[in-house]
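# Topology and contacts: notes
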Amino acid sequence: MCLSTVYAIRGKDRQPLLRNVASVRMQDGRLVFTDIMGIPTVVDAAIERIDLMDNYIYIRETTAPEAAQSL
């Protein structure tokens, strides 16, 4: 099973945002990441890069970091 870590790009830093992400989808213009336990997290962001070999997803948030929320 391939699980990914989501990193938020903030300036020149990459900060881990979510771990063990099993899926990602768009819903109402926002990204919805679902982890291995089935818990979804909604983030206002754009995907910068997905690295399938190293299991990383890099995103750039379009609103404040506090905007990430679980459904």
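With that out of the way, let us pick up the confidence of the model for the protein. Model confidence for the protein is summarised by a mean pLDDT of 91, while 87% of its residues fall at 70 or above. Ranking the elements of the protein by mean pLDDT puts strand β7 (residues 69-70) last with 59 and strand β3 (residues 30-35) first with 98.

It is worth spelling out the packing of aromatic side chains at this point. Applying the stated rule across the entire model yields 3 aromatic pairs. A ring pair is formed by Y7 and Y56, whose centres lie 5.4 Å apart and whose planes are at 70°; its orientation type is edge-to-face. Highlighted residues: Y7 in strand β1 (residues 4-10) and Y56 in strand β6 (residues 56-61), separated in sequence by 49 residues. On the accessibility criterion, Y7 (16% relative accessible area) is buried. Judged by relative accessible area, Y56 falls into the partly exposed class, the value being 29%. Through successive ring pairs, a cluster of aromatic residues spans Y7, Y56 and Y58. Here R14 stacks its cationic end above the ring of Y58, 4.9 Å away from the centre of that ring.

Parameters at a glance
- Along each chain, residue indices are assigned from 1 in the same order as the chain's sequence is written.
- Only residues with pLDDT of 70 or above have their local features reported here, since the model is predicted, and side-chain atom pairs are shown and tallied only from 80 upward, although totals for entire chains, interfaces and linings are computed over all residues.
- Side-chain calculation: all heavy atoms of the structure are included, whereas hydrogens and water are not.
- A score from 0 to 100, pLDDT tells how confident the predictor is in each residue.
- Going along the chain from the N terminus, every DSSP run of H or I of four or more residues is numbered as a helix, and every run of E of two or more is numbered as a strand.
- By convention, a stacked pair of Phe, Tyr or Trp rings (six-membered ring in the case of Trp) has centres within 6.5 Å and planes under 30 degrees apart, an edge-to-face pair has planes over 60 apart, and any other such pair is tilted.
- Only protein chains enter the area calculation, which uses a 1.4 Å probe; residues under 20% of their type maximum are buried, those over 50% are exposed, and those in between are partly exposed.
- Here, a charge over a ring is recorded when the distance from Lys NZ or Arg CZ to the ring centre is within 6 Å and its angle to the ring normal is within 35 degrees.

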